[in-house]
Amino acid sequence: MIRNIIFDWSGTLVNDLPAVWNATNYVFEQAGVNTMDLEQFRKEFFLPFEDFYDIHTPGVSIEQLDKWYHEHFQKVIHSVEELPYARDFLKFCRNQEILTFLLSTIHPEHFRIQSEANRFHEYLDHPYVRILNKKEKILELIDHHELNPRETLFIGDMVHDIETARQGKVHSCAVLTGYNQRAQLQEAEPDLIVEHLWELQKILQKYELDLIQSWTK
Ligand SMILES: [Mg+2]
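Model, not experiment: these values are computed from the prediction.

### Comments concerning the nonpolar core
Now for step 1: Residues Ile5, Phe7, Trp9, Leu13, Phe89, Ile155 and Leu200 are the most contacted members of the largest nonpolar core, which totals 53 residues.
Now for step 2: Take this core: its biggest share by element is seven residues, from helix 1 (residues 17-31).
Now for step 3: Looking at which domains feed residues into this core, each of domain 1 (4-15 + 80-216) and domain 2 (17-79) supplies at least three.
Now for step 4: Residues contacting Leu200, with those up to four places away along its chain left out, are Phe89, Leu153, Ile155, Cys173, Leu192 and Val194.
Now for step 5: Counting residues in each nonpolar core, the second largest holds twelve residues, with Phe101, Ile142, Leu147 and Val170 among its members.

Here is the structure:
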């Protein structure tokens, strides 16, 4: 049975794709490199973002990139919206007494502003933000909270999320509400791919939180 859920933030609980794409292009402009259209950005953006910027803006320090990104993101942060079904899914977790975690690269200040608006932090028992490399953090998280990996599900919209789940030996569910598209996520071989959180909620309800049973039927 699933007793713990680890959430990604961007593309899983909120739609911040336009804001992140805009801020990234602003960084590219400051660094004097070509910007990307949205389709190209969705194809090419990956985490950890240090590795992404290493390819596109080599030689620029992470501090400088961060400064540019932050100053532009502040201007577009109010375009960030909660994703459909996210709030219901978080409430469902509460009702089912599922322990909830957030494992996100999001800047703490951006998380504060966004969760002040949507109050999602009230549904997240243990938020971990500013995690630049989730694959490195997940084992520590599992260990610290003494989670049973078989009872733990990681939900995210990017290949890095699925790789993180594999690293932690927990179940993985990819959602198609975010950055990466189905073909990219399929290659990462998550246990499950759903269109959105409502589809996952229906599966969890039907099988009374027993995900493994849902795969064998
Ligand atoms: Mg994400």
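Text resumes after the structure shown.
### A word on the packing of aromatic side chains
How two aromatic rings sit relative to each other is set out by the distance from centre to centre and by the angle between their planes.
Now for step 1: Going through the model one piece at a time under the given rule, you end up with 14 aromatic pairs.
Now for step 2: Between Phe49 and Tyr53 the ring centres are 6.3 Å apart and the planes differ by 75°, which places this aromatic pair in the edge-to-face class. Highlighted residues: Phe49 and Tyr53, both in helix 3 (residues 49-56), separated by four residues, approximately one helical turn.
Now for step 3: A residue is classified by how much of its surface remains accessible, and Phe49, at 15% relative accessible area, is buried.

### What about the domain arrangement of the protein chain?
Now for step 1: We note that the domain assignment places domain 1 (4-15 + 80-216) and domain 2 (17-79) within the protein chain.
Now for step 2: Between the C-alpha centres of domain 1 and domain 2 the distance comes to 23 Å.
Now for step 3: Contacts between the two partners involve 20 residues from domain 1 and, on the opposite side, 22 residues from domain 2.
Now for step 4: Of the roughly 1,900 Å² buried at the junction of domain 1 and domain 2 (both faces included), carbon and sulfur atoms supply 57%.
Now for step 5: The three residues of domain 1 that bury the most area against domain 2 are Val80, His110 and Tyr179, which together make up 34% of that side's buried surface.

### Re the pattern of salt bridges
Now for step 1: Enumeration according to the criterion identifies 14 salt bridges in this entry.
Now for step 2: A salt bridge links Glu151 to Arg3; its shortest N-O distance comes to 3.6 Å. Of this pair, Glu151 sits in the loop between helix 7 (134-144) and strand 6 (152-156) while Arg3 sits in the segment before strand 1 (4-7), and the two are 148 residues apart along the sequence.
Now for step 3: Relative accessible area serves as the criterion here: at 42%, Arg3 is assigned to the partly exposed category.
Now for step 4: The closest approach of N and O atoms between Glu122 and Arg119, which form a salt bridge, is 2.9 Å.
Now for step 5: The exposure class assigned to Glu122 is partly exposed, which follows from its relative accessible area of 44%.

### Describing helix 7
Now for step 1: Residues of helix 7 that are buried: Lys134, Lys137, Ile138, Leu141 and Ile142. Burial along helix 7 is one-sided: seen end-on, the buried residues are contained in an arc of 135°. Exposed and facing more than 90 degrees away from the buried side of helix 7 are Glu136, Asp143 and His144.
Now for step 2: Where helix 7 begins, the capping side chain belongs to Asn133, and its oxygen is found 3.1 Å from the backbone nitrogen of Lys135.

Parameters at a glance
Residues numbered from 1 in each chain as written. Predicted model: local features only at pLDDT ≥ 70, side-chain atom pairs only at ≥ 80, totals over all residues. Heavy atoms only, no water. Core = buried A, V, L, I, M, F, W, Y, C linked by side-chain atoms within 4.5 Å. Buried < 20%, exposed > 50% of the residue type's maximum accessible area, 1.4 Å probe, protein only. Helix = DSSP H or I, 4+ residues; strand = E, 2+ residues; numbered from the N terminus. Domains from an automatic or database assignment. Contact = heavy atoms within 4.5 Å. Phe/Tyr/Trp six-rings, centres within 6.5 Å; stacked < 30°, edge-to-face > 60°. Buried area = accessible area lost by both parts, 1.4 Å probe. Salt bridge = Lys/Arg side-chain N within 4 Å of Asp/Glu carboxyl O. Arc of directions from axis to C-beta. Polar contact = N/O pair within 3.5 Å; in protein donor to acceptor, adjacent residues only side chain to side chain.

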